[in-house]
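Residue-level structural notes
Next come the chains, spelled out residue by residue.
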Amino acid sequence: MNRKRVLVLGDLPGDGLERLQAVCSVTVREQGVDSENELASLVPGFHGLLTLLTQRVGDAVFAAGRDLSI
């Protein structure tokens, strides 16, 4: 079974991370990113992106994240 790859920025509350790991291949970047351009450089190849509310996700991220669907 091919599991979806998800990039998580920051820390998830409760058992959120464990629940996500049960169904996806998860990469956690606890320190987040400094800019939208840095995030855009990380997203290629990921199917999902879970960010902090303060993280800007705009055109550059979606252009780079062609596989993003979740």
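Let us look at the structure shown here. (Residues numbered from 1 in each chain as written. Predicted model: local features only at pLDDT ≥ 70, side-chain atom pairs only at ≥ 80, totals over all residues. Heavy atoms only, no water.)

**What to know about the nonpolar core**
Heads up, the rule is: Nonpolar cores were defined as sets of buried Ala, Val, Leu, Ile, Met, Phe, Trp, Tyr and Cys residues, with membership established by side-chain atoms within 4.5 Å. In this scheme, a residue with accessible area under 20% of its type's maximum is buried, one over 50% is exposed, and one in between is partly exposed, where area comes from a 1.4 Å probe on protein chains only. Note on definitions: a residue-residue contact is assigned when non-hydrogen atoms from the two residues lie within 4.5 Å.
If you look at the biggest cluster of nonpolar residues, it comprises nine residues: Leu7, Leu9, Val33, Leu39, Ala40, Val43, Phe46, Leu49 and Val61. For Val43, the residues in contact, after removing those within four places along its chain, are Leu7, Leu49, Val61, Ala64 and Gly65. By size, the runner-up hydrophobic cluster in this structure holds six residues, among which are Val6, Leu12, Leu20 and Val26.

**Points about the sheet that holds strand E1 (residues 5-9)**
Here is the rule we go by: Pairs of strands are assigned from DSSP output, requiring at least two bridges between the strands. By the criteria applied, helices consist of DSSP H or I runs no shorter than four residues and strands consist of E runs no shorter than two, each listed in order from the N terminus. Lines fitted to C-alpha atoms define the axes, with helix axes restricted to the stretch in contact, and inter-axis angles between N-to-C directions lie between 0 and 180 degrees.
In spatial order, the strands read E2-E1-E3; together these three strands make up an open sheet with parallel pairing. The open sheet has two free edges, formed respectively by strand E2 (25-29) and strand E3 (48-50), since each of these has just one partner strand. Between one strand axis and the next, the sheet turns by 20° as a mean value, whatever way the strands run. In the sheet, E1 pairs with E3 via three bridges, with the strands oriented parallel. Across the sheet, Leu7 pairs through a bridge with Leu49, a residue of E3.

**Looking at the pattern of salt bridges**
Stated precisely, the cut-off is as follows: A pairing counts as a salt bridge when a side-chain nitrogen of Lys or Arg comes within 4 Å of a carboxyl oxygen of Asp or Glu.
Overall, the coordinates contain two salt bridges when judged by the stated rule. Between Glu38 and Arg29 there is a salt bridge, and its shortest N-O distance comes to 2.7 Å. Residue classification places Glu38 among the partly exposed positions, given a relative accessible area of 21%. When the shortest N-O distance is used, the salt bridge between Glu36 and Arg56 registers 3.1 Å.

**Some thoughts on the side chain of Gln55**
Mapping Gln55 onto the fold places it in the loop between E3 and helix H3 (59-64). Look at Gln55 and you get buried, because its relative accessible area is 16%. Setting aside anything within four residues of it in sequence, one finds Gln55 in contact with Leu9, Val33, Ser35, Glu36 and Leu39.

**Some words on the pairing of E1**
Put simply, the rule is: Convention used here: a crossover is right-handed provided that the path from the first strand, over the helix, to the second strand proceeds clockwise when the strands point away from the viewer.
The element E1 is largely enclosed, with a buried count of four among its five residues. Strand direction decides the pairing type here: E1 and E2, joined by five bridges, are parallel. Residue pairing in the sheet places Arg5 in a bridge with Ser25 of E2. Regarding the hand of the β-α-β motif, the stretch spanning E1, helix H1 (residues 16-21) and E2 is right-handed.

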